[in-house]
Amino acid sequence: MGSFVDKAKKFIVQNELLSKGDRILVGVSGGPDSLALLHFLVSLREEMGLDITACHVDHMFRGEQSFFEMKYVERICSEWEVPFVGERINVPEEIAKTSGNPQSVSRQLRYRFYEGIMKKRKISLLALAHHGDDQMETILMRLTRGSSVGASGGMRVKRSFATGWIIRPFLCMTRSEIEAYIDENQLKPVYDPSNKKDVYTRNRYRKHVLPFLKEENPNAHLHFQQYSEDVHDDDDYLTQLAEKACKTMMKRKKDGLFFNVEEFLQLPSPLQRRCLYRAVSSFYEDHSIELSAFHIREMIDMLKRKGATRKIDLPGHVRMIRSYGHCIITEKRERNGYSYELTIGDTVTLPSGGVFSIKKGSCKNGGIYTFRLHPDTKFPLQIRTRKEGDRIRLKGKGGSKKVKSLFIDEKIPSFLRDEWPIVTDANGEILWVPQLKKSKFEASSDGTFLTLQYTP
Ligand SMILES: Nc1ncnc2c1ncn2[C@@H]1O[C@H](COP(=O)(O)OP(=O)(O)OP(=O)(O)O)[C@@H](O)[C@H]1O
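As the structure is a prediction and not an experimental result, all values here were calculated from the model. (Residues numbered from 1 in each chain as written. Predicted model: local features only at pLDDT ≥ 70, side-chain atom pairs only at ≥ 80, totals over all residues. Heavy atoms only, no water.)

## Details of the nonpolar core
Taken as a class, soluble globular proteins show a tendency for nonpolar side chains to be buried jointly.
Point 1. Judged by nonpolar contacts, the single largest core of 42 residues is most densely connected at L18, V26, L38 and F170.
Point 2. The leading source of residues in this core is helix 2 (residues 32-48), at 9 residues.
Point 3. Every residue in contact with L18, bar those within four places of it in the chain, is listed here: I12, I24, L41, L44, M48, L50, L125 and I167. (Core = buried A, V, L, I, M, F, W, Y, C linked by side-chain atoms within 4.5 Å. Buried < 20%, exposed > 50% of the residue type's maximum accessible area, 1.4 Å probe, protein only. Helix = DSSP H or I, 4+ residues; strand = E, 2+ residues; numbered from the N terminus. Contact = heavy atoms within 4.5 Å.)

What follows is the structure in structure tokens.
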């Protein structure tokens, strides 16, 4: 078994997974992989001065059986003198409440549990027992399903998590190497019957796809692992560049993320894909939805197409809309019209966060748009969204103009038109379309007047 230990140690050194005196939490299901990992780390404990804690979650799917498993893991830990933290989490109850997918709800709750222990006990490393065959399955599953950008690179050997890092020291090992280690050391793992069920996608890959690849090359797992590390390496570098580009180009407002399409299209395509991936992912809590490469391509194609307004509905609640040269990534929601009354001394806050107020005399604050109200103005003012047939009467000999034409001339994207404020007096006469046009009803600067202020 010397070679197993040497191989794992070499992998740990190469990837800088452990240092002397590290405090590690090991996730132990009681299955062969995690039991072997715990055993292996305990064997390094003295030599490296490691401070090891083990933890186990009983997901309560299998009644008493899973409770006994937790007790069994606890007993082994006590034999090996490893502090143990166990918790029963009622996952079936949580699934009934949220109607989530059993595996992802279990995972989410388990990771929350790990995080709590790491924070409480000031532990910086979480060791998980994923191995090389798991990595092959993950990469193939993600490629087949159509994951995007970095996700198809599979699991990372080391990634940041909670107060520190998740490490996976067994990614260089195959399932059968781990089984041989188990036999050699006479370990007695528990076997989860769900690992054999064909209903789970991963199990189908395990049973039907991996045997073929392993027959072609028994060391295929090492090549997959190398591929994974290279993909992540390249992706980290490109993501850094994309983040820099996004920071200057994408503006987050209350309504969503805005950017200029032409500027975006000048980026090299690897940065375009990553900018969009990053932008859209920021709308998903816990990054719970995975965007596929297909979605990203579709978004870029839409940005390249000229012409009228276009939109794409993305998974979950996110929508991307392009209109003229602008693009917004936003939550799917009906943009309802509004109508507010504004009297002297009041303020009105719009759904977009814009604020109207009235002040005496002139006003010269930066970032604020102003309109001088005539002393004869009929109050209350109305701040509302557009209506069919809206016209504004222009200063001088300009006559009147349709508000619709104003939006078109000024190339206001259609998704903004439905929420653009229009100010009328109490009789419904349009006084002002802020940022675009003032009517002939604005007071001259030399008389006494009130100022209507608008901060978008
Ligand atoms: N119930 C659990 N409690 C604590 N840690 C767990 C639990 N289930 C899984 N883990 C950790 O997460 C890793 C990945 O979980 P996954 O379900 O993919 O593997 P597994 O088939 O349970 O592995 P094992 O052979 O260790 O049972 C495990 O190797 C283990 O380190």
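## With respect to unusual backbone geometry
Point 1. The omega torsion across F379 and P380 is -5 degrees, close enough to zero to call that bond cis.
Point 2. Topologically, P380 is positioned in the loop between strand 15 (369-373) and strand 16 (381-384).
Point 3. Positioned with a positive phi, K122 is a non-glycine residue whose angle comes to about 50 degrees.
Point 4. Mapped onto the secondary structure, K122 falls in the loop between helix 5 (102-121) and strand 4 (125-127).
Point 5. One non-glycine residue, K411, lies in the positive phi region at around 55 degrees.
Point 6. Within the fold, K411 resides in the loop between helix 13 (403-409) and helix 14 (414-417).

## Describing the site of the ligand
Point 1. The immediate surroundings of the ligand are formed by 17 residues, with G27, S29, D33, S34 and V57 found nearest.
Point 2. One of the side-chain N or O atoms of S29 is found 2.4 Å from an oxygen atom in the ligand.
Point 3. At a separation of 2.6 Å, an oxygen atom of the ligand approaches a polar side-chain atom of S34.
Point 4. Protein chains shield 83% of the accessible area of the ligand, which is 570 Å² for the free molecule.
Point 5. For the shell around the ligand, the residue count by class is 7 nonpolar, 8 polar and 2 charged. (Near = heavy atom within 4 Å. Polar contact = N/O pair within 3.5 Å; in protein donor to acceptor, adjacent residues only side chain to side chain. Areas by Shrake-Rupley, 256 points an atom, 1.4 Å probe, with all protein chains shown as cover. Nonpolar A, V, L, I, M, F, W, Y, C, P; charged D, E, K, R; others polar.)

## Here we look at the packing of aromatic side chains
Point 1. This structure, assessed with the given rule, holds 13 aromatic pairs.
Point 2. Here a set of aromatic residues connected by ring pairs shows up, and it is made of F4, F40, F170 and Y181.
Point 3. Directly above the ring of Y111 sits R107, whose terminal nitrogen or CZ lies 4.4 Å from the centroid.
Point 4. Over the ring of F283 we find R252; its NZ or CZ atom is 5.4 Å from the centre of that ring. (Phe/Tyr/Trp six-rings, centres within 6.5 Å; stacked < 30°, edge-to-face > 60°. Lys NZ or Arg CZ within 6 Å of the ring centre and 35° of its normal.)

## Some words on the sheet that holds strand 6 (residues 164-167)
Point 1. Ordered in space as 3-2-1-4-6-5, the 6 strands form an open sheet in which the pairing is mixed. In this open sheet, the two edge strands, each paired with only one partner strand, are strand 3 (84-88) and strand 5 (158-161). For this sheet the average axis-to-axis angle between neighbouring strands, irrespective of direction, equals 25 degrees.
Point 2. Where strand 2 (residues 51-58) meets strand 3, 5 bridges bridge the pair, whose relative direction is parallel. Opposite C55, over in strand 3, you have V85 as the bridge partner.
Point 3. Relative to strand 2, helix 2 is tilted by about 165 degrees, and along the sheet it contacts strand 1 (23-27), strand 2 and strand 4. (Pairing = 2+ DSSP bridges. Axes fitted to C-alpha atoms, helices over the stretch in contact; angles between N-to-C directions.)

## Thoughts on the sheet that holds strand 20 (residues 430-433)
Point 1. The sheet built from 5 strands is open, its strands ordered 12-16-19-20-21 with antiparallel pairing. Sheet topology places strand 12 (339-342) and strand 21 (437-438) at the edges, where each strand pairs with a single neighbour.
Point 2. Pairing geometry for strand 12 and strand 16, over 4 bridges, is antiparallel. Of the residues in strand 16, the one forming a bridge with E341 is Q382.

## Some points on the side chain of T385
Point 1. Locating T385 in the fold gives a position in the loop between strand 16 and strand 17 (391-393).
Point 2. Excluding residues within four positions of it along the chain, T385 makes contact with G337, Y338, D418, E419, W420 and I422.

## So, the UniProt feature "binding site: ATP" (unreviewed entry) in the chain
Point 1. As annotated in UniProt, the feature "binding site: ATP" (unreviewed entry) corresponds to S29, G30, G31, P32, D33 and S34 in the numbering used here.
Point 2. By relative accessible area, G31 is classed as buried at 10%.
Point 3. The contact partners of G31, leaving out residues within four places of it in the chain, are P189 and V190.
Point 4. The topology assignment puts S34 in helix 2.
Point 5. Taking relative accessible area as the criterion, S34 reaches 6% and is therefore assigned buried.
Point 6. The contact partners of S34, leaving out residues within four places of it in the chain, are G27, V28, S29 and A129.
Point 7. At 3.0 Å, the side chain of S34 forms a polar contact with the backbone nitrogen of S29. (UniProt positions renumbered as here; feature names shortened; annotations may be inferred.)

## Section: the environment of S444
Point 1. As for its position among the elements, S444 is in the loop between strand 21 and strand 22 (450-455).
Point 2. With near-sequence residues (within four places) excluded, S444 lies in contact with R372 and F449.

## Overview of the domain arrangement of the chain
Point 1. You can read the domains of the chain as domain 1 (2-232), domain 2 (250-331) and domain 3 (339-455).
Point 2. On a C-alpha basis, the centroid separation for the pair domain 1 and domain 2 is 35 Å.
Point 3. Residue-level contacts link 7 residues of domain 1 with 9 residues of domain 2.
Point 4. Together domain 1 and domain 2 conceal approximately 590 Å² of surface at their shared face, both sides included; 50% is due to carbon and sulfur atoms.
Point 5. One can count 1 residue pair in polar contact (both at pLDDT 80 or more) joining domain 1 with domain 2.
Point 6. Of the residues that constitute the side of domain 1 that touches domain 2, the class distribution is 2 nonpolar, 4 polar and 1 charged. (Domains from an automatic or database assignment. Buried area = accessible area lost by both parts, 1.4 Å probe.)

## Examining the packing of helix 9 (residues 220-249) against helix 11 (residues 269-281)
Point 1. Running from N to C, helix 9 and helix 11 point in directions that differ by 70 degrees, and their axes come no closer than 8 Å. Taken together, the axes of helix 9 and helix 11 are roughly perpendicular relative to one another. Listed contacts from helix 11 to D235, L238, T239, L241, A242, E243, A245 and C246 of helix 9 are P270, L271, R274, C275 and R278.
Point 2. Class assignment of the residues belonging to the contact of helix 9 with helix 11 gives a composition of 8 nonpolar, 1 polar and 4 charged. (Parallel < 35°, antiparallel > 145°, perpendicular 65-115°, else oblique.)

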